[in-house]
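Next come the chains, spelled out residue by residue.
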Amino acid sequence: HRLEDQVRQRTAELETALFHAQEADRVKSQFVTEMNHELRTPLTNIILYLEILAFGGPDKRDRALEVVRQETTHLSQLIEDVLDISRIDLHRLHVEPESVHLNALVEGLLADRAALLERSPGQVHFMPDDSLSPVQADPKLIGRVLTNLLDNAINYAGDGDVRIRVRREETESRRWQVLSIA
């Protein structure tokens, strides 16, 4: 009877392990599919605008060069993101926290995207909280996360507006600084 219990217990453990392995494989496959799409989009735009540069008129040159620059930067960022995921997975991501003002970080990101914002049919509204003190964070890593969120918000908002808000929030006796992009 004891052997049967051990066999049942081990069978249940193996079924659980199999379920987790299948779920991890599904998540990995979904990630690869989504990353394939994310990488193809800027690459397709680069190819298209290189064709415009090669065969289009001089009046389209400046615009085509700007799009190629933006899409190349986007593609490079995606590759860095994948490398970061790999580093995180291998516990090799190097974090260098320092004092960061979230308002200033967002203002810098918006200034970097001035050209993109000008072409966007919607508007970006930034609502800073000037009473906030600096937080300890790695400005490069948090900047990359915010860049991805902001770029996606701008690119997929259509003619809708993007709202960025920095605020203080208190939960469970803890104070947080929250940055939201909607």
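Residues numbered from 1 in each chain as written. Predicted model: local features only at pLDDT ≥ 70, side-chain atom pairs only at ≥ 80, totals over all residues. Heavy atoms only, no water.

Engineer: Please explain the packing of helix H1 (residues 2–55) against helix H2 (residues 61–89) as it appears in this structure.
Structural biologist: Describing two packed helices takes the angle between their axes plus the distance from one axis to the other. Between H1 and H2, the least distance of the axes is 8 Å, while the angle of their chain directions is 160°. Put simply, H1 runs roughly antiparallel to H2. The two elements H1 and H2 meet at a crossing, and its hand is left-handed. Residues that form the contact of H1 with H2 fall into these classes: 19 nonpolar, three polar and four charged. (Axes fitted to C-alpha atoms, helices over the stretch in contact; angles between N-to-C directions. Helix = DSSP H or I, 4+ residues; strand = E, 2+ residues; numbered from the N terminus. Parallel < 35°, antiparallel > 145°, perpendicular 65-115°, else oblique. Left-handed = near helix turned anticlockwise from the far one by under 90°. Nonpolar A, V, L, I, M, F, W, Y, C, P; charged D, E, K, R; others polar.)

Engineer: Would you take a moment to explain the packing of helix H3 (residues 102–112) against helix H5 (residues 139–156) for this structure?
Structural biologist: As a packed pair, H3 and H5 sit with axes 11 Å apart at the nearest point and diverge in direction by 55°. By the angle between their axes, H3 is oblique relative to H5. Like other packed secondary-structure pairs, H3 and H5 cross with a definite hand, here right-handed. Between H3 and H5, the residues in contact are Leu102, Leu105, Leu109 and Leu110 and Pro139, Ile142, Gly143, Leu146, Thr147 and Leu150, respectively. In the contact of H3 with H5, the residues fall into eight nonpolar, two polar and no charged. (Contact = heavy atoms within 4.5 Å.)

Engineer: Just to check I follow, could you spell out H2 for this structure?
Structural biologist: Structural remark: α-helix, 3.6 residues per turn; residues separated by three or four positions point the same way. Between the first and last C-alpha of H2 there are 42 Å, a value that for 29 residues agrees with the 42 Å anticipated at 1.5 Å per step. Those residues of H2 lying buried are Ala64, Val67, Val68, Glu71, Leu75, Gln77, Leu78, Asp81 and Asp84. Check the buried side of H2 and you find it contacts H1 and H5. Just beyond H2, the residue with positive phi is His91, at close to 60°. (Expected span 1.5 Å × (residues − 1). Buried < 20%, exposed > 50% of the residue type's maximum accessible area, 1.4 Å probe, protein only.)

Engineer: Hey, could you run me through the layout of surface pockets in this one?
Structural biologist: Gaps left between atoms are located by rolling a probe of water-molecule size over the structure's atoms. There is about 690 Å³ of room inside the largest pocket. Around the largest pocket, the lining comprises 28 residues; the ones closest to its centre are Gln70, Glu71, Leu116, Arg119 and Asn155. Of all the elements in the fold, those that place two or more residues in the lining of the largest pocket are H1, H2, helix H4 (114–119) and H5. Among the elements that line the lining of the largest pocket, the one with the most residues is H2, at nine residues. When its residues are assigned to classes, the lining of the largest pocket shows eight nonpolar, 11 polar and nine charged. (1 Å grid on protein atoms, 1.4 Å probe; cavity = no way out; pocket = protein on both sides within 12 Å on 5 of 7 lines; lining within 4 Å. Points joined across faces, edges and corners; volume = space filled by probe spheres on them.)

Engineer: What is the right way to read the sheet that holds strand S2 (residues 124–127) from this model?
Structural biologist: Strand-to-strand pairing in sheets goes through backbone hydrogen bonds, with the strands running parallel or antiparallel. Taken in spatial order, the three strands of this open sheet run S2-S4-S5, and their pairing is mixed. Each edge of the open sheet is held by one strand with a lone partner, namely S2 and strand S5 (174–181). Ignoring strand direction, the axes of neighbouring strands in this sheet form an average angle of 20°. Looking at chain direction, S2 and strand S4 (residues 162–171) are connected through four bridges and run parallel. The residue bridging Met127 from the neighbouring strand is Arg165, located in S4. Those strands touched by H5 are S2, S4 and S5, and its axis lies near 40° from that of S5. (Pairing = 2+ DSSP bridges.)

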